[in-house]
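Each chain is listed here by its residues.
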There are 2 protein chains.
Amino acid sequence: MVKYLNQDEAISIDLELFNEYKFSVDQLMELAGLSCANAIYKCYPNNRRVLICCGPGNNGGDGLVCARHLKHYGFEPFIYYPKRTEKQLYQNLTHQCETLDMIVSSHPIDCKSIDECYDLVVDALFGFSFQPPVRADFLPILEALKRTRKPICSIDIPSGWDVVNGKPEDGICPDMLVSLTAPKLCAKSFGGRYHYLGGRFVPFQLAEKYKLDLPLYSGTENCISLK
Amino acid sequence: MVKYLNQDEAISIDLELFNEYKFSVDQLMELAGLSCANAIYKCYPNNRRVLICCGPGNNGGDGLVCARHLKHYGFEPFIYYPKRTEKQLYQNLTHQCETLDMIVSSHPIDCKSIDECYDLVVDALFGFSFQPPVRADFLPILEALKRTRKPICSIDIPSGWDVVNGKPEDGICPDMLVSLTAPKLCAKSFGGRYHYLGGRFVPFQLAEKYKLDLPLYSGTENCISLK
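Note that the structure is predicted; figures quoted are calculated from it, not measured.

Caption draft 1: Structural view of the environment of S106(B). Residue and element names in this part refer to chain B. With respect to the helices, strands and loops of the structure, S106 is situated in the loop between β3 (104–105) and α5 (111–117). Once the C-alpha coordinates of S106 and Y81 are considered, the two residues, 25 residues apart in sequence, prove to be 5.2 Å apart. Other than its neighbours up to four places away in sequence, S106 contacts Y80, Y81 and P82.

See the structure below:
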């Protein structure tokens, strides 16, 4: 049975991947975003019009990478990215999307527009380092995600949820969750249809140290269904 | 019909990916090496004992990434890496392999040892920027690759071949070739069983500009058989 991580464990594992195992953010973000795109393709092969909501941190970066791969798979991603960062990697990831003819917008988007224009929403707003409360800037998009009738796929953490305690009373209800590296405790209160694990790059020693009990990925698959 | 590139075109496309499309070497090497690992898994699922021969440049870096993913797929890679570079990325890629319990060695290896100890050889010695003649340091390993009875999978260019004119009279005869981004002209004289294309990251505008006529990858596949 795969282990569910608390927030400190998730942060420690992330730090070890960079500091001890010498991965670069570029590398792991590429593999993480790719595994999200592959899991999405498995579950929603025909939900082509995808709104990707990207937050200001690493979770948003995973979303940008996911968008790029989805575009190569024939999807039509539109990226909502209200708070861009100055970091070079993020500027480059954004540029890579724009040069694939994807629109990257900071224009506010409401529930009605989502329901009319998209078949799927990817929630890449906040990740495992999220601490409540949600910043005022992001309240409108979270409100739209709570009310939309379209399925939501959350990357690693459903945005606005407590990483350990899970869904707040008025939290979003994603249809899909792609946990990265290992699921976090909040995933125990996930009630949607699809729960995948992605990010097949965890060194065996690291998995052993944290007793992750990761499932066996099949063949060359980079994601696996947990439910 | 996919286009076969000359050396100048290959170098120009590579430069544009970095300078115009703002990819990092970390990103593209990760995707390239991953696609090689996936293609190898398709063709040699049971040739588990793999010798990965890595050269000093980017082709060797692709080999290091390929080795790491093969290890995750259950293969037993052993890395021959006679000329390490000081660049941080290469040191990190090497460290990532070593911390997955792979041996990275600079100890010379001869044909007899290859035939006895391995089921497959991955040739990641020289890539598309190779200019003959082969440096003296690498003559012994190339000699061993010419004489081994075990199948060789070359990454992008069969090492020692002219990038445009192809196989020299006494060149190695790989059983598999994984072309990256687009095949190079030398691939026209490839006589082995498996020719794959990997590296599904070429921006559509770039493919258009160079009239690459890339084949359509299937689903979420990152490699495709050209033969």
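Caption draft 2: Quick look at the state of the cysteines. Going through the model one piece at a time under the given rule, you end up with zero disulfides over all chains. Left without a disulfide partner, C111(B) is nearest to the cysteine sulfur of C117(B), which lies 11 Å away.

Caption draft 3: A look at helix α6 (residues 139–147) of chain B. Residue and element names in this part refer to chain B. Buried within α6 we find I141, L142, A144 and L145. Down the axis of α6, the sector holding all buried residues measures 155°, keeping them to one side. Exposed residues on α6 whose side chains face more than 90 degrees from its buried face are P140 and R147.

Caption draft 4: Molecular detail of the interface of chain A and chain B. Residue-level contacts link 32 residues of chain A with 32 residues of chain B. For the chain A and chain B pair, buried surface summed over both sides reaches about 3000 Å², with 59% attributable to carbon and sulfur atoms. For the interface between chain A and chain B, the tally reads zero salt bridges. For the interface between chain A and chain B, the tally reads 14 residue pairs in polar contact (both at pLDDT 80 or more). At the level of secondary structure, the elements contributing two or more residues to the side of chain A that touches chain B comprise α2 (25–43), α3 (58–72), α4 (88–98) and α7 (204–209) of chain A. Here the side of chain A that touches chain B gets seven residues from one element, more than from any other, and that element is α2(A). Among the residues making up the side of chain A that touches chain B, the classes are represented as 12 nonpolar, 12 polar and eight charged.

Caption draft 5: The sheet that holds strand β1 (residues 49–54) of chain B, seen in detail. Residues and elements named next belong to chain B. Strand order in the open sheet formed by eight strands is β3-β2-β1-β4-β5-β6-β7-β8, with mixed pairing between adjacent strands. Since the sheet does not close on itself, it has two edges, and those belong to β3 and β8 (223–225), each with one partner. Pairing of strand β2 (residues 76–80) with β3 involves two bridges; the strand directions are parallel. Across the sheet, residue Y80 finds its bridge partner in β3, namely S105. Across the face of the sheet, helix α3 (residues 58–72) comes into contact with β1, β2, β4 (120–124), β5 (152–155) and β6 (176–180) while running at roughly 160° to β1.

Caption draft 6: Expanded view of the UniProt feature "binding site: K(+)" (unreviewed entry) in chain A. Residues and elements named next belong to chain A. Following the UniProt record, one finds the feature "binding site: K(+)" (unreviewed entry) at N59, D123 and S159. Separation in sequence by 101 residues is not matched in space for these annotated residues, since their most distant C-alpha atoms are only 9.8 Å apart. On the accessibility criterion, D123 (0% relative accessible area) is buried. In contact with D123, other than residues within four places in its own chain, are C53, N59, L145, I152, C153, S154, I155, I157, P158, S159 and I172. Dropping the residues within four chain positions of it, S159 is found in contact with D123, L125, F126, L142, S154 and I172. At a separation of 2.4 Å, a polar atom in the side chain of S159 contacts the side chain of D123.

Caption draft 7: Geometry of empty space enclosed by the protein. One pass over the structure, following the stated rule, counts one cavity of 30 Å³ or more. Each pocket or cavity is described by its volume, and for the largest cavity that value is around 90 Å³. Taken together, L31(A), L34(A), G199(A), R200(A), F201(A), T220(A), E221(A), N222(A), L34(B), H69(B), H72(B) and Y73(B) form the lining of the largest cavity. Elements supplying a minimum of two residues to the lining of the largest cavity: α2 of chain A together with α3 of chain B. Its residues assigned to classes, the lining of the largest cavity shows five nonpolar, five polar and two charged.

Caption draft 8: Here's a closer look at the nonpolar core. I79(A) and I79(B) are the most contacted members of the largest nonpolar core, which has 154 residues in total. Not counting residues up to four positions away in its chain, the partners in contact with I79(A) are I52(A), C54(A), L64(A), A67(A), C97(A), M102(A), I103(A), V104(A) and S105(A).

Caption draft 9: Examining the relation of the copies chain A and chain B more closely. When chain A is fitted to chain B, the best match, at an RMSD of 0.0 Å, comes from turning it 180° and sliding it 0.0 Å along the axis. Taken together, the rotation angle and the small translation identify this as a two-fold axis. Most of the interface of chain A is mirrored in chain B, where 100% of its interface residues again form contacts.

Procedures and definitions
Residues numbered from 1 in each chain as written. Chains lettered and ligands numbered in written order. Predicted model: local features only at pLDDT ≥ 70, side-chain atom pairs only at ≥ 80, totals over all residues. Heavy atoms only, no water. Helix = DSSP H or I, 4+ residues; strand = E, 2+ residues; numbered from the N terminus. Contact = heavy atoms within 4.5 Å. Disulfide = S-S within 2.5 Å. Buried < 20%, exposed > 50% of the residue type's maximum accessible area, 1.4 Å probe, protein only. Arc of directions from axis to C-beta. Buried area = accessible area lost by both parts, 1.4 Å probe. Salt bridge = Lys/Arg side-chain N within 4 Å of Asp/Glu carboxyl O. Polar contact = N/O pair within 3.5 Å; in protein donor to acceptor, adjacent residues only side chain to side chain. Nonpolar A, V, L, I, M, F, W, Y, C, P; charged D, E, K, R; others polar. Pairing = 2+ DSSP bridges. Axes fitted to C-alpha atoms, helices over the stretch in contact; angles between N-to-C directions. UniProt positions renumbered as here; feature names shortened; annotations may be inferred. 1 Å grid on protein atoms, 1.4 Å probe; cavity = no way out; pocket = protein on both sides within 12 Å on 5 of 7 lines; lining within 4 Å. Points joined across faces, edges and corners; volume = space filled by probe spheres on them. Core = buried A, V, L, I, M, F, W, Y, C linked by side-chain atoms within 4.5 Å. Least-squares fit on C-alpha atoms with pLDDT ≥ 70 in both.

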